[in-house]
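Chain and residue survey
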Amino acid sequence: MQSWRRKSLWLALLASWILVLLGLFPLLRLAVPTSPRAGAPRGWPRWLDAELLQSFAKPGELLEDGPRPPQALRGGSCNWGACFDTSKCRGGGLKVFVYPAAGPVSETRRRILASVEGSRYHTLSAAEACLLLLLSPDTSTGECDPVPPQWDGGRNHLVLSLHPAPCPRTFQLGQAMVAEASPTVDTFRPGFDVALPLLPEAHPLRGGAPGQLRQHSPRPGVALLALAEDGGRWHVAGTDFSACPWDGRCEQDRGPKQTHPGATLPNATFCLIPGRSPDVLHFLQALQAGCIPVLLSPRWELPFSEVIDWTKAAIVADERLPLQVLTALQEMPLTRVLALRQQTQFLWDAYFSSVEKVVHTTLEIIQDRIFGPSAHPSLLWNRPPGAILALPTFSPSPSDFPFYHLQQGSRPLGRFSALIWGGAPGQPPLKLIQAVAGSQHCAQILVLWSSEKPPPTRWPKTAVPLTVIDGHRKVSDRFFPYSAISTDAILSLDAHSSLSTSEVDFAFVVWQSFPERMVGFLTWSHFWDEARGGWGYTAKRTNEFSMVLTSAAFYHRYYHTLFTHSLPKALRTLADEAPTCVDVLMNFLVASVTKLPPIKVPYGMWHQEARPPPLEPGGPGLRQEPQPAAQNCINQMAAGFGHMPLVSSRLRLDPVLFKDPVSVLRKKYRSLEKP
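The structure displayed is predicted, hence computed values, not measured ones.

Another point: the side chain of histidine 360. Inspection of the secondary structure puts histidine 360 in helix 8 (residues 355-371). Histidine 360 sits in the buried class, given a relative accessible area of 15%. When residues no more than four places from it in sequence are discounted, the contact partners of histidine 360 are Ser115, Gly118, Ser119 and Ile388.

Below, the structure is given as structure tokens:
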């Protein structure tokens, strides 16, 4: 009898534990959206009452929060296939025309206009545009724009509003798409409208402040929770928060108050954000601070939810289950916390830190809808450097870009193409061509002839194909995506560069391990000049560097596409006017994409001693010391990027046994140590 009672007691305890686990386990999967898919009708999911609440309440008590029947979409049955004519975009892709403002241009509208005009999609002709952009009136002017003359029922139109409009629209939206800040889930049309973040009035035009996270794992003593309050304020809760839910009934002090804008952002691991509309501004604050957003039954569509997989950066929870949610947050593994915090920093920097990035992301989403199957895959949207910097016109496959080899456990194979920029009078660079052609990794040699005089008729015979390309007499020509380049790796050279075959071989092997970076021989370093109040750069030998000269450097051919089609035309013109600035611009571009410094490899001193004197300004040559007249270009480029992207390094990679006191016969790259 006692044995039977003991077994019954154990069975009862086991059954109670099973019930507890069944009630709490779904809460560990707090974010329920599936992976986003472009064009698919997907709104923010309804709460699955049968899954989350069955153990806590009777079904009859939850009728008001149960699944609701689908409501009529705003604008009738409008969707992408029915209300947007993609045939207008087949010629030159997405081209955007912005209607001029009827009244005075406010600061907010000026920033949006500058962002659109600086993109590769802008056109000045409404006839050749396939998307007509209408900016909603903002709070500063308070004037309502009239119906555009080419409205046509809103077809192929986008009404964009970064801030709530102060006056009602005087026309029906019809077939127009709407891109507005934090739309409600009831009015948002998935796959047609675009959900934007609610930006503060002082949000920067470009660049933007970096993320504030300095340590991904929680430090001892750091608060677990920050509670969002009205007016952009935060309350940081202590470690014992069981008696302090977010419904306002606190039985203890909720910690020090933090405000934003101000000196601090929420310093906590999780940021609890109620689902009501006034709290949407807290969402961006949490992203910037690296505080994992915990969205409590949000009633608004998350920004760019069509392409961003928010399950990797945010948590969705039911606001009716405070204690269960808090328990799940406490028990979340640190590896999961680390991954979520890292993703918040990536998303903030890639899509939300400036007005320019928000506008460009909106246009990129519409471009993906036009491309259809050849659009960005989800990996490019949700992994660094982001879809804005991974152009689908280059390739729809992530394996063709230089950023994803490490994630996929691969490395670029094949060989490299040498691109020699020439055009100075005299004989062809025979010694350089022979040294490069002698490399076992060289696939072809391309000579970009950028001189008014015709190129030589005779070139040296090499074991690899040699092709002469006629340039356009501009320094930026060397970074054009020429179709003749058949390899991923490019060795950029000047006609007066001097390299040995061993130096080329070793540098290419190093590049294969770091295909997203530039690998070079000669370096510059940037610095902040207190006397001038600006940036400067120098070629003097120091213990650190931040740039490698493109007169002898390896990099991925994708950067030619990014240089030509992504950089603003004003920056490319600046590089053409000051030839030494082209090295700065290319290093700016690669550093802004990778957030990493270049890599330096050994370069023999005898090359510099044998180098001919510098040529006239604008002529090709081995540029070493920047000219004084070109020093200011680094400040103009920093202003164009909105920040200083260069990253300094103190690392140089040498071969094993380099300068070791062993027999030279044991060394693979012997000529690197030529006396």
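This paragraph deals with helix 15 (residues 581-594). Residues spaced three or four apart along an α-helix face the same direction, because each turn holds 3.6 residues. The end-to-end C-alpha distance of helix 15, which contains 14 residues, comes to 20 Å, matching closely the 20 Å that a straight helix rising 1.5 Å per residue would cover. In terms of residue burial, helix 15 counts as a mostly covered element, since 14 of its 14 residues are buried. With its phi angle positive at about 60 degrees, lysine 595 sits one or two positions after the end of helix 15.

In the structure shown here, the tally under the stated rule is 30 aromatic pairs. Judged by centre distance (5.4 Å) and plane angle (50 degrees), the rings of phenylalanine 416 and phenylalanine 508 are tilted. Within this pair, whereas phenylalanine 416 is found in strand 12 (residues 416-422), its partner phenylalanine 508 is found in helix 12 (residues 501-513), the two being separated by 92 residues in sequence. Each member of the pair phenylalanine 416 and phenylalanine 508 is classed as buried. Seen from their ring centres, phenylalanine 588 and phenylalanine 641 are 5.5 Å apart, and the 65 degrees between their planes marks the pair as edge-to-face. Here the residue phenylalanine 588 occupies a position in helix 15, and phenylalanine 641 occupies one in helix 17 (residues 633-641), the gap between them amounting to 53 residues.

This part takes up the sheet that holds strand 13 (residues 442-449). Within the open sheet, the 7 strands sit side by side as 14-13-12-15-20-16-21. Their pairing is mixed. Of all the strands in the sheet, just strand 14 (466-470) and strand 21 (599-600) have a single pairing partner and so form its edges. Pairing of strand 13 with strand 14 involves 5 bridges; the strand directions are parallel. In the sheet register, valine 447 faces strand 14, and the bridge partner there is valine 468.

Let's shift gears to the sheet that holds strand 19 (residues 547-548). Spatially, 18-17-19 is the arrangement adopted by the 3 strands of the open sheet, whose pairing is antiparallel. Edge positions in the open sheet fall to strand 18 (534-538) and strand 19, since each of these has one partner strand only. Direction of pairing for strand 17 (residues 523-529) relative to strand 18: antiparallel, over a ladder of 5 bridges. Residue tryptophan 528 lies in a different strand from strand 18, and its bridge partner there is tryptophan 535.

Where burial is concerned, most of strand 15 (residues 489-494) is hidden: 6 out of the 6 residues are buried. Neither face of strand 15 is left uncovered, since the one carrying Ala489, Leu491 and Leu493 and the one carrying Ile490, Ser492 and Asp494 both have all their residues buried. The pairing of strand 15 with strand 20 (residues 552-556) spans 5 bridges and is antiparallel. Counted as the bridge partner of leucine 493 is alanine 552 from strand 20.

The next thing to look at is the confidence of the model for the chain. Low pLDDT means the predicted atomic positions in that stretch should not be read closely. The pLDDT averaged across the chain works out to 79; a share of 75% of its residues lies at or above 70. Looking over the chain, one finds the lowest element-wise mean pLDDT in helix 2 (residues 49-52), namely 30, and the highest in strand 20, namely 97. When the criterion is pLDDT under 50, residues 239-263 qualifies, and its contacts beyond four places in sequence or with other chains add up to 52 contacts. Contacts of residues 609-622 to residues separated by more than four positions or lying in other chains number 24 contacts, the stretch itself having pLDDT below 50.

Okay, the pattern of salt bridges next. Side-chain pairs of opposite charge can arise where the charged atoms are in close proximity. Per the stated rule, a full pass over the model turns up 15 salt bridges. The closest approach of N and O atoms between arginine 299 and glutamate 319, which form a salt bridge, is 2.9 Å. Within this pair, whereas arginine 299 is found in the loop between strand 10 (292-296) and strand 11 (315-317), its partner glutamate 319 is found in the loop between strand 11 and helix 6 (322-330), the two being separated by 20 residues in sequence. A residue is classified by how much of its surface remains accessible, and glutamate 319, at 29% relative accessible area, is partly exposed. Between arginine 557 and aspartate 488 there is a salt bridge, with its nearest N and O atoms 3.1 Å apart. Of this pair, arginine 557 sits in the loop between strand 20 and helix 13 (558-565) while aspartate 488 sits in the loop between strand 14 and strand 15; the two residues are 69 residues apart in sequence, bridging distant segments of the chain. What makes arginine 557 partly exposed here is its relative accessible area of 28%. Here the salt bridges share partners, and the residues they tie into one network are Glu107, Arg110 and Arg111.

Thresholds applied
- Residues numbered from 1 in each chain as written.
- Predicted model: local features only at pLDDT ≥ 70, side-chain atom pairs only at ≥ 80, totals over all residues.
- Heavy atoms only, no water.
- Helix = DSSP H or I, 4+ residues; strand = E, 2+ residues; numbered from the N terminus.
- Buried < 20%, exposed > 50% of the residue type's maximum accessible area, 1.4 Å probe, protein only.
- Contact = heavy atoms within 4.5 Å.
- Expected span 1.5 Å × (residues − 1).
- Phe/Tyr/Trp six-rings, centres within 6.5 Å; stacked < 30°, edge-to-face > 60°.
- Pairing = 2+ DSSP bridges.
- pLDDT = per-residue confidence, 0-100.
- Salt bridge = Lys/Arg side-chain N within 4 Å of Asp/Glu carboxyl O.

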